[in-house]
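# Commentary on secondary and tertiary structure
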Amino acid sequence: MIRKVLVANRGEIAIRVMRSCREMNIRSVAVFSEADRASYHVRYADEAYCIGPAPSVQSYLNKEKIIQVALETGCDAVHPGYGFLSENADFARMVKEAGLIFIGPSPEAIEQMGDKITARKRMIAAGVPVVPGTTEAITNDEEALRIIRQIELPVMIKASAGGGGKGMRLVHHENEIESSLRAARSEAKAAFGDDAVYIEKYISSPHHIEFQILGDHHGNIVHLFERECSVQRRHQKVVEETPSPNLTPEVREAMGKHAVAAAAAVNYFGAGTIEFIMDDQHNYYFLEMNTRLQVEHPITERVVGVDLVKLQIQIAEGKPLPFRQEDLRQNGHAIECRIYAEDPANNFMPSPGKIKHITEPLGLGVRHDGYVYPGYEIPMYYDPMISKLIVWGTNREEAIARMRRALYAYKISGVSTSIPFLEKVMQHPVFIKGNYNTHFIDTYLKELLEVSECDGLCEDVAVITAFIHYLDELGRVQNGAHDGKVAIRESRWKQMGKSLNLRRN
Ligand code: MV4
């Protein structure tokens, strides 16, 4: 039984993990950097300990320090969240060797899936479709040329130690092969300390579709269906939804079986994600496995009806999965928008700073996973994601309408945010149609950035009229004129503020 968990992370995911701990009557211990003393995850935890200066390498990546705190506070287990140490096999091993439970997969599974060439070999052996390409590291240029002629240009050169879009190179012409290979190898060496690279055929304009899987310590593995993550920019996901509007029931079933086979190939336990790319003809290929809980996990939770963190903890305790594949269904439709402190109009430049005001969206079918509050200063040292807005509807149309309503109600001042950009995405005909692919943002960037004449101005005028209305009311109350008669008719200033604000949608 796990009774106390150290959460080796910060921000919204640390709070997300601690919320499940609280429901399970498990104590939570936060760790924080000097820049995070006032962070909400510190306040939410039962206990909190400073582990070092602001830079991640000196705090959230300090394995020894984190394990020391876990031991000194009497924790049974460590939850790594996402990012930071979540896919670090050495950390998982050190946690285990300290006599603690790592709430995640085995170090061996992390290692095998972390090395993309090894992962490709395992997938081929397990009968999971992979992108046509090499199964060994490319060591000489003649061999590379022979393989590329076989699979045909364009191709991608990828770092075996890379992933998530890091260390990738697209090659269109034979005369670029030699220089691209050399550059890819030296980049990979510098970034990952490993210069192994491999070659894959380039799949143009694919959909990014990933399957959530769960495995227990008794050999059971299930999938919890897919997430469509094609709305990305520079390998940063922006919007995710489930079910994917681009799958048929038959393709979904086949992909789900391959996702389970992929996890089984490395004896996987815990929560994980199998990433596929899919072309417009529904040909799909394994790309990589993420051996952690992902940012976008809440849409799966909502549609499948599970608590993934609770399940991670129960799996770590050695309990069998509480359901079989045939018990799981997709119910309705969920969408997540990631809210970043950034300025889309200024090349999505991060916009750290102090939150002056925040009004979080509420109401039917809305979930808001965040960590900021008025007066909180977003540090410049970490990812600028402020929160995740997740909505559910009985179908896709209702979910989109609900997301638009929630984005409309979401107000943050003090920092620039991606909220207006997300509103544009939710109104875009190609997004609404549903057949968008990974090039959606790049293709329509100009119109997604367009600010209609009214947008900013309406907002300002709405605020000013609301304030005049407030002063009006104040005057009425002070003059003793608030007798019910005047309250029936809305102030014209208030009406004007409302209509100006509504016209934006
Ligand atoms: C690809 C690909 C097309 N062909 N590999 C990007 C992140 C990492 N998981 C692998 N990625 C891709 N690998 C082959 N052989 C397309 C992607 C890709 C992508 C590429 C450009 C712009 C956005 C993208 C989003 C998802 C996947």
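Definitions and cut-offs
Residues numbered from 1 in each chain as written. Predicted model: local features only at pLDDT ≥ 70, side-chain atom pairs only at ≥ 80, totals over all residues. Heavy atoms only, no water. Pairing = 2+ DSSP bridges. Helix = DSSP H or I, 4+ residues; strand = E, 2+ residues; numbered from the N terminus. Axes fitted to C-alpha atoms, helices over the stretch in contact; angles between N-to-C directions. Contact = heavy atoms within 4.5 Å. Buried < 20%, exposed > 50% of the residue type's maximum accessible area, 1.4 Å probe, protein only. Parallel < 35°, antiparallel > 145°, perpendicular 65-115°, else oblique. Nonpolar A, V, L, I, M, F, W, Y, C, P; charged D, E, K, R; others polar. Phe/Tyr/Trp six-rings, centres within 6.5 Å; stacked < 30°, edge-to-face > 60°. Core = buried A, V, L, I, M, F, W, Y, C linked by side-chain atoms within 4.5 Å. Left-handed = near helix turned anticlockwise from the far one by under 90°. Lys, Arg positive; Asp, Glu negative; His and termini not counted. Salt bridge = Lys/Arg side-chain N within 4 Å of Asp/Glu carboxyl O. Patch = residues over 30% accessible without salt bridge, like charges linked within 9 Å, V, L, I, M, F, W, Y side chains within 5 Å. Areas by Shrake-Rupley, 256 points an atom, 1.4 Å probe, with all protein chains shown as cover.

This paragraph deals with the sheet that holds strand β9 (residues 207-215). Backbone-to-backbone hydrogen bonds join strands into a sheet, with any given pair of strands oriented parallel or antiparallel. Sheet architecture is open: eight strands sit in the order β13-β12-β9-β10-β11-β14-β21-β19, paired in antiparallel fashion. Either end of the sheet is taken by a strand with one partner, and the two such strands are β13 (284-290) and β19 (366-370). Geometrically, the sheet is characterised by an average inter-axis angle of 25 degrees between neighbouring strands, direction not taken into account. Strands β19 and β21 (385-393) of the sheet are contacted by helix α1 (residues 11-23), whose axis makes an angle of about 115 degrees with β19. On top of the sheet, helix α10 (residues 297-304) reaches β9, β10 (221-233), β11 (236-242), β14 (333-340), β19 and β21; it is set at about 155 degrees to β14, its chief contact.

On to the pairing of strand β8 (residues 197-201), then. Of all five residues in β8, four are buried; the element is thus mostly enclosed. For strand β6 (residues 155-163) and β8, the ladder comprises five bridges, and the chain directions are antiparallel. By the bridge assignment, lysine 158 is partnered in β8 with tyrosine 198.

Now for the packing of helix α4 (residues 89-97) against helix α5 (residues 107-114). One can describe the packing of α4 onto α5 by two numbers: an axis separation of 8 Å at closest approach and a directional angle of 175 degrees. One way to sum up the angle between α4 and α5 is to call them roughly antiparallel. Contact residues: Ala89, Ala92 and Arg93 in α4; Pro107, Glu108, Ile110 and Glu111 in α5. Partitioning the contact of α4 with α5 into residue classes produces four nonpolar, no polar and three charged.

The next point concerns the packing of aromatic side chains. On inspection of all chains with the given rule, the structure shows 13 aromatic pairs. Between phenylalanine 211 and phenylalanine 276, the aromatic rings sit 6.1 Å apart at their centres with planes inclined by 85 degrees, giving edge-to-face as the arrangement. Placement of the pair is phenylalanine 211 in strand β9 and phenylalanine 276 in strand β12 (residues 270-278), with a sequence separation of 65 residues. You'll find phenylalanine 211 and phenylalanine 276 in the same group, each marked buried.

The nonpolar side chains of a soluble globular protein tend to be buried, and buried together. Counting 74 residues, the largest nonpolar core has Leu214, Val239, Ile378, Leu407, Met426, Phe431 and Phe440 as its most contacted members. Residues in contact with valine 239, not counting those within four places in the same chain, are Glu228, Cys229, Val231, Ile335, Glu336, Cys337, Leu422, Val425, Met426 and Phe431. Ile209, Val251, Ala259 and Ile274 belong to the second-largest nonpolar core, a separate cluster that totals 25 residues.

So, on to the packing of helix α7 (residues 141-151) against helix α8 (residues 177-192). The relative placement of two packed helices comes down to the angle between their axes together with the axis-to-axis distance. It is at 10 Å that the axes of α7 and α8 come closest, and there the two elements cross at 115 degrees. Classified by chirality, the crossing of α8 by α7 is right-handed. Seen from α7, the contacting residues are Asp141, Ala144, Leu145 and Ile148; seen from α8, they are Ile177, Glu178, Leu181 and Arg185. Of the residues assigned to the contact of α7 with α8, the class counts are five nonpolar, no polar and three charged.

Counting through the fold element by element, glutamate 275 comes out in strand β12. We note that glutamate 275 is buried and unpaired, the nearest opposite charge coming from lysine 237 at a distance of 5.0 Å.

Attention now moves to a nonpolar patch on the surface. Taken together, Phe467, Tyr470, Leu471 and Leu474 make up a surface patch of nonpolar side chains, about 390 Å² in accessible area. Looking at the secondary structure, you find phenylalanine 467 in helix α16 (residues 455-478).

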